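Secondary and tertiary structure notes
The lines below spell out each chain.
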Amino acid sequence: MRRLGTPLGILAAVTGAFAYVGTVDPNEPGHYPVCPLLQLTGVFCPGCGGLRSAHAFITGDLGAAFSANAIATAGYFLFAAVWVLWLVRAWRGKPLRMALAPAWWWGVGAVLLVFTVVRNLPFGSALAP
C-alpha cells in the first residue's frame, strides 16, 4: 500500500484545492488576486479564467467551465486520465514513466500560444474568460 501513497497524496491535494475553489467563488471580487499580466497589459494569458473554470467544473457546470478556460477544462480531464494510469501502475508495482519527445512539448507550447493569441483577438472573444 505504500506505493499508492504518492498518487493518493496528489489526489488529496488536488481535491483540497478544488474543494476550496468550489467553496470560495472566484466570480466574487476580493477573494483571489487579479492576473498580473491582465492587470498590467489587458492581455489574457493562457491561465486567465482558470479559477472560474475550476469553480464551474467542481459545481458541475461544464459549459461555463469550458467557456471560462477551454484549455484548463481539457487539462482537468487529461489530469484525471493520467492520474488513473498512475494509480493502476502503482497498484501493480510499476513506475509511471512518461517521457514526451521534444516535439510534443513544442506542440503543447504552440497550442498554448495559439490559444493565447486567439482569445485576445476580436474573432476569438468566445475563448476569452
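Below is a short write-up of the structure. Computed from a predicted model, the values in this text were never measured in an experiment.

**Points about the environment of tyrosine 32**
With respect to the helices, strands and loops of the structure, tyrosine 32 is situated in the loop between helix 1 (5-23) and helix 2 (36-41). C-alpha separation for the pair tyrosine 32 and leucine 51, spaced 19 residues apart in sequence, amounts to 8.8 Å. Among all residues touching tyrosine 32, those that are not within four sequence positions of it are Tyr20, Val21, Val24, Asp25, Pro26 and Leu51. Within the structure, tyrosine 32 has its side chain in polar contact with the backbone oxygen of valine 24 (distance 2.9 Å).

**Considering a nonpolar patch on the surface**
Taken together, the side chains of Leu100, Trp104, Trp105, Val108 and Leu112 make up a nonpolar region of the molecular surface, amounting to roughly 530 Å² of accessible area. Mapped onto the secondary structure, tryptophan 105 falls in helix 6 (residues 102-119).

**Looking at the side chain of aspartate 25**
Considering the arrangement of structural elements, one finds aspartate 25 in the loop between helix 1 and helix 2. For the buried aspartate 25, which has no salt bridge, the nearest side chain bearing the opposite charge is arginine 52, at an N-O separation of 8.1 Å. Within the local environment of aspartate 25, its side chain forms a polar contact with the backbone nitrogen of asparagine 27, the two atoms lying 2.8 Å apart. For aspartate 25, the residues in contact, after removing those within four places along its chain, are His31, Tyr32 and His55.

**A closer look at the packing of helix 3 (residues 50-58) against helix 5 (residues 70-91)**
Packing of helix 3 against helix 5 brings their axes to within 9 Å, and their N-to-C directions diverge by 50°. One way to sum up the angle between helix 3 and helix 5 is to call them oblique. The handedness of the crossing between helix 3 and helix 5 comes out as right-handed. Each of Gly50, Ser53, Ala54 and Phe57 in helix 3 lies in contact with helix 5, whose residues at this interface are Ala72, Thr73, Tyr76 and Phe77. Tallied by class, residues from the contact of helix 3 with helix 5 come to five nonpolar, three polar and no charged.

**What about helix 3?**
Along helix 3, the residues classified as buried are Gly50, Ser53, Ala54, His55 and Ala56. Buried residues in helix 3 make contact with helix 1, helix 4 (62-68) and helix 5. Phi for glycine 60, located one or two positions after helix 3, is positive at around 90°.

**Brief notes about the environment of leucine 8**
Among the secondary structure elements, leucine 8 is positioned in helix 1. With near-sequence residues (within four places) excluded, leucine 8 lies in contact with Trp83 and Leu87.

Conventions and cut-offs
- Numbers given for residues are sequential positions, taken from 1 along each chain in its written order.
- The predicted nature of this model means local features are confined to residues of pLDDT at least 70 and side-chain atom pairs, given and counted, to a pLDDT of 80 or more, with totals for whole chains, interfaces and linings taken over all residues.
- In computing side-chain values, all of the structure's heavy atoms are included and hydrogens and water are not.
- To qualify as a helix, a DSSP run of H or I must reach at least 4 residues; to qualify as a strand, a run of E must reach at least 2; elements of each kind are numbered from the N terminus.
- In what follows, a contact means two residues having at least one pair of non-hydrogen atoms within 4.5 Å.
- Polar contact criterion, stated in full: a pair of N or O atoms within 3.5 Å, where within protein one must be able to donate a hydrogen and the other to accept it, and residues adjacent in sequence count only if both atoms are side-chain atoms.
- Residues with no salt bridge and a relative accessible area higher than 30% make up the patches, which join like charges within 9 Å and nonpolar side chains (Val, Leu, Ile, Met, Phe, Trp, Tyr) within 5 Å.
- Only the protein chains shown count as covering a residue, and every accessible area follows the Shrake-Rupley method with a 1.4 Å probe.
- What makes a salt bridge here is a side-chain nitrogen of Lys or Arg within 4 Å of a carboxyl oxygen of Asp or Glu, nothing more.
- A 1.4 Å probe rolled over the protein chains alone gives each residue an accessible area, and that area as a share of the maximum for its type sets the label: buried under 20%, exposed over 50%, partly exposed in between.
- His is not counted, nor are the chain ends, whereas Lys and Arg count as positive and Asp and Glu as negative.
- Axis lines are fitted through C-alpha atoms, for helices just across the contact stretch, and the angle between N-to-C directions can take any value from 0 to 180 degrees.
- Angle categories are assigned with fixed cut-offs, so that under 35 degrees is roughly parallel, over 145 is roughly antiparallel, 65 to 115 is roughly perpendicular, and the rest are oblique.
- Each crossing is labelled by how the near helix is turned from the far one, with a counterclockwise turn of less than a right angle marking it left-handed and a clockwise turn marking it right-handed.
- Here the term charged refers only to Asp, Glu, Lys and Arg, the term nonpolar to Ala, Val, Leu, Ile, Met, Phe, Trp, Tyr, Cys and Pro, and the term polar to all other amino acids, Gly among them.

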